[in-house]
Amino acid sequence: MILVNQSMQISTDISRTSWDRALAETPASLQQDWSYGDALAAVGANVLRVIIEDDGGALALAQFTTRKIGLVVNVGSCSRGPVWLRDVSSDQRAKVHRALKSKLGLAWPRVTLQTPDDVDALGGARRVMSGYSTVMLDLTRSRDDLRA
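Definitions and limits used
- Residues numbered from 1 in each chain as written.
- Predicted model: local features only at pLDDT ≥ 70, side-chain atom pairs only at ≥ 80, totals over all residues.
- Heavy atoms only, no water.
- Helix = DSSP H or I, 4+ residues; strand = E, 2+ residues; numbered from the N terminus.
- Buried < 20%, exposed > 50% of the residue type's maximum accessible area, 1.4 Å probe, protein only.
- Areas by Shrake-Rupley, 256 points an atom, 1.4 Å probe, with all protein chains shown as cover.
- pLDDT = per-residue confidence, 0-100.
- Expected span 1.5 Å × (residues − 1).
- Core = buried A, V, L, I, M, F, W, Y, C linked by side-chain atoms within 4.5 Å.
- Patch = residues over 30% accessible without salt bridge, like charges linked within 9 Å, V, L, I, M, F, W, Y side chains within 5 Å.
- Salt bridge = Lys/Arg side-chain N within 4 Å of Asp/Glu carboxyl O.
- Phe/Tyr/Trp six-rings, centres within 6.5 Å; stacked < 30°, edge-to-face > 60°.
- Lys NZ or Arg CZ within 6 Å of the ring centre and 35° of its normal.

A. Highlighting the overall build of the chain. Within the chain one finds four helices and seven strands. What you see in the chain, going N to C, is helices and strands ordered as β-β-α-α-β-β-β-β-α-β-α. Taken across its 148 residues, the chain has 34% of its residues classed as buried. In the structure as shown, the chain presents an accessible area of about 9300 Å², 50% of it carried by carbon and sulfur atoms.

Dropping the structure here:
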């Protein structure tokens, strides 16, 4: 466990059951699903899964793929994450993004890339590419409504 401050910590101690249970209650992208990480690991990627907690309990989950570039720079990439497990203020989100950037546990020199859906709360990080555009469809609607 990595202590970020007195009220926030980052831990890699989370089971698949806990991860899947949390994501069953929270909409999340494919890139943050445990099975997606397993598929990446099967083709040689290093996968790091973390849970961010504060005094109120679980705050967010984030799945990173990590690798070393040029045998020197450690890179961690979190696509479409972290996944927020409850309502979180913009300030709290910024703190989590900063903590993931600096406290992830990758050796120096390191680069931590995050491409969250909530780009407004990156915690002072610089945006280097355009964000995602996602269309959400309610598949419980009738076929005629969906076609319209």
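B. Fine view of the confidence of the model for the chain. For the chain, the mean per-residue pLDDT works out to 84, and 84% of the residues sit at or above 70. Least confident of the elements in the chain is strand β1 (residues 2-5), whose mean pLDDT is 61; most confident is helix α2 (residues 34-42), at 96.

C. Main features of helix α3 (residues 90-103). Across its 14 residues, α3 extends 19 Å between first and last C-alpha, which sits within 8% of the 20 Å expected from 1.5 Å per residue. Burial in α3 covers these residues: Ala94, Val96, His97, Ala99 and Leu100.

D. Representation of the nonpolar core. One finds Val50, Ile52, Ala62, Phe64, Val96, Leu100 and Leu104 to be the most contacted residues of the largest nonpolar core, which totals 17 residues. Elements with a contribution of two residues or more to this core: β2 (8-11), β3 (46-54), β4 (57-69) and α3. Sort the elements by how many residues they give to this core and β4 lands first, with four residues. In this structure, Leu23, Ile51, Leu61 and Val83 belong to the second largest nonpolar core, which totals eight residues.

E. Expanded view of the side chain of Gln63. Locating Gln63 in the fold gives a position in strand β4. Classification of Gln63 as buried rests on a relative accessible area of 3%.

F. Region of the structure containing a nonpolar patch on the surface. Taken together, the side chains of Val135, Leu137, Leu139 and Leu146 make up a nonpolar region of the molecular surface, amounting to roughly 460 Å² of accessible area. Along the polypeptide, Leu137 turns up in the loop between β7 (110-115) and α4 (143-147).

G. Structural detail: the packing of aromatic side chains. Here the structure, examined in full by the defined rule, presents one aromatic pair. Ring geometry for Trp19 and Trp34: centres 5.8 Å apart, planes at 75°, overall edge-to-face. Placement of the pair is Trp19 in helix α1 (residues 16-24) and Trp34 in helix α2, with a sequence separation of 15 residues. The two residues Trp19 and Trp34 agree in class, both being buried. Positioned above the aromatic ring of Trp34 is the side chain of Arg49, whose terminal nitrogen or guanidinium carbon lies 3.8 Å from the ring centre.

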